Amino acid sequence: MTDTNTIETLSETRCFGGRVGFYRHHSDANDCDMQFAVFVPPQAEAGPVPVVTFLSGLTCTEENFMVKSGAQRYAAELGLMLVSPDTSPRGEGVPDDPGGDYDFGLAAGFYLNATEAPWSRHYHMYDYLLDELLPTVFAIFPGDRDRHGLTGHSMGGHGALTIGLRHPDIFRSLSAFAPICTTLQSPWGQKALGHYLGSDTSTWLRHDAAEVARNVADTSPWRRILVDQGLDDAFLAEQLKPELLEAACAESGLPLELRYHEGYDHGYYFISTFIEDHLKHHYATLTG
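Summarised in this report is the structure supplied together with it.

## Looking at the packing of aromatic side chains
A complete count under the given rule lists 15 aromatic pairs for this structure. Aromatic pair Phe54 and Phe65: ring centres 4.0 Å apart, planes at 10°, arrangement stacked. Taken together, the positions of Phe54 in strand S4 (residues 49–55) and Phe65 in helix H1 (residues 63–68) put the pair 11 residues apart, joining distant regions of the chain. One exposure class covers both Phe54 and Phe65, and it is buried. Ring geometry for Trp119 versus Tyr196: centroids 6.3 Å apart, planes at 85°, classification edge-to-face. In this pair, Trp119 is assigned in the loop between strand S5 (81–85) and helix H3 (125–140) and Tyr196 in helix H5 (residues 187–197), connecting sequence segments 77 residues apart. The pair formed by Trp119 and Tyr196 is uniform in burial state, with each residue classed as buried. Clustering of aromatic rings is evident, with ring pairs tying together Phe54, Phe65, Phe177, Tyr264, Phe270 and Phe274.

## With respect to the pairing of strand S8 (residues 225–230)
Burial analysis of S8 places 6 of its 6 residues in the buried class, which makes it a mostly covered element. Side chains Ile225, Val227 and Gln229 project from S8 onto one buried face, and the interleaved Leu226, Asp228 and Gly230 project onto a second face that is buried too. Relative to S8, strand S7 (residues 173–177) runs parallel, the two sharing 4 bridges. Looking at the pairing, Ala176 lines up with Val227 of S8. Two strands pair when backbone bridges link them, and S8 and strand S9 (residues 256–261) are joined in this way by 6 bridges, in the parallel orientation. Residue pairing across strands places Leu226 opposite Glu257, the latter belonging to S9.

## Let's talk about the side chain of Thr285
Relative to the helices and strands, Thr285 resides in helix H9 (residues 268–287). Under the relative-accessibility criterion, Thr285 is labelled buried at 8%.

## Remarks on the environment of His266
Residue placement: His266 occurs in the loop between S9 and H9. A relative accessible area of 13% places His266 in the buried class. Taking the C-alpha atoms as reference points, His266 and Leu134, separated by 132 residues in sequence, lie 27 Å from one another. Aside from chain neighbours lying at most four places away, what touches His266 is His153, Ser154, Ala178, Asp233, Phe235 and Leu240. Polar contacts involving the side chain of His266 include one to the side chain of Ser154, which spans 2.9 Å. There is a polar contact of 2.5 Å between the side chain of His266 and the side chain of Asp233.

## Focus on unusual backbone geometry
The residue after Ala117, namely Pro118, is reached through a cis peptide bond having omega 0°. Within the secondary structure, Pro118 sits in the loop between S5 and H3. Located in the positive-phi region is Phe16, a residue other than glycine, with phi close to 50°. With respect to the helices and strands, Phe16 occurs in the loop between strand S1 (8–15) and strand S2 (18–27).

## Some remarks on the environment of Gln72
Structurally, the position occupied by Gln72 is in helix H2 (residues 71–78). Judged by its relative accessible area of 7%, Gln72 is buried. Remark: the alpha-carbon pair of Gln72 and His207, spanning 135 residues in sequence, is separated by 30 Å. Gln72 has contacts with Cys15, Phe16, Val20, Phe39, Met66 and Leu82, leaving out every residue within four places of it along the chain.

About the thresholds
Residues numbered from 1 in each chain as written. Predicted model: local features only at pLDDT ≥ 70, side-chain atom pairs only at ≥ 80, totals over all residues. Heavy atoms only, no water. Phe/Tyr/Trp six-rings, centres within 6.5 Å; stacked < 30°, edge-to-face > 60°. Helix = DSSP H or I, 4+ residues; strand = E, 2+ residues; numbered from the N terminus. Buried < 20%, exposed > 50% of the residue type's maximum accessible area, 1.4 Å probe, protein only. Pairing = 2+ DSSP bridges. Contact = heavy atoms within 4.5 Å. Polar contact = N/O pair within 3.5 Å; in protein donor to acceptor, adjacent residues only side chain to side chain.

So, in structure tokens, the structure goes:
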């Protein structure tokens, strides 16, 4: 956990009776400074509130979800705290995609711990999220760590599913928007995990949402997993492959609700349309 005295407040703004804040702290896991955002609802004045952490997708930062999703209105009504991390390490000396592509390196940390040089010095988003950011958030902000849900979009949906399913002791509710459901069969996943983890694909299995879902030993902690997918998503067939997640959940017995939506693409108009459903899903699970 980061020393709470070293957290730098970048900005705090009143929002729907609560507060949106952006913060910076040093990460030992990523060997760089990291930024994150938190929305604290007005109900937190009376005591700790349930929390939903949102993991963003490729090209995003901690800002995208807070600025574009419209989630604060519904979080304020429900009394949910929202947490939004950045998507990768950043800063001087942090390596990026050698070709400057958007799908690897900066803003593409894939929420795992890299084992291959030069990425292994900085790219430890898995440890950063679980061992540094979230303990720091719960030490500073009025969130209830026993009522904590996880969601995300695209690469962040992959992170939410793989991390959430592996840690039901930390996350009690789970959802995703247009997640990458397989890294083994997705060009985005193949490129990223090939660089971060190496060519031995057996090491990728813990970071493939369908494989994690297929091999869940105990499905009882999960009441319902909500996944929304737009049918006009340009990445649906090649990169996302939700049918593989659906088949894996059917095999293991995980209670998946996979909803397809005509006319919706991969962007934040899609997310903002269904964010109310997702927050109500988390609220009902976390408070039921």
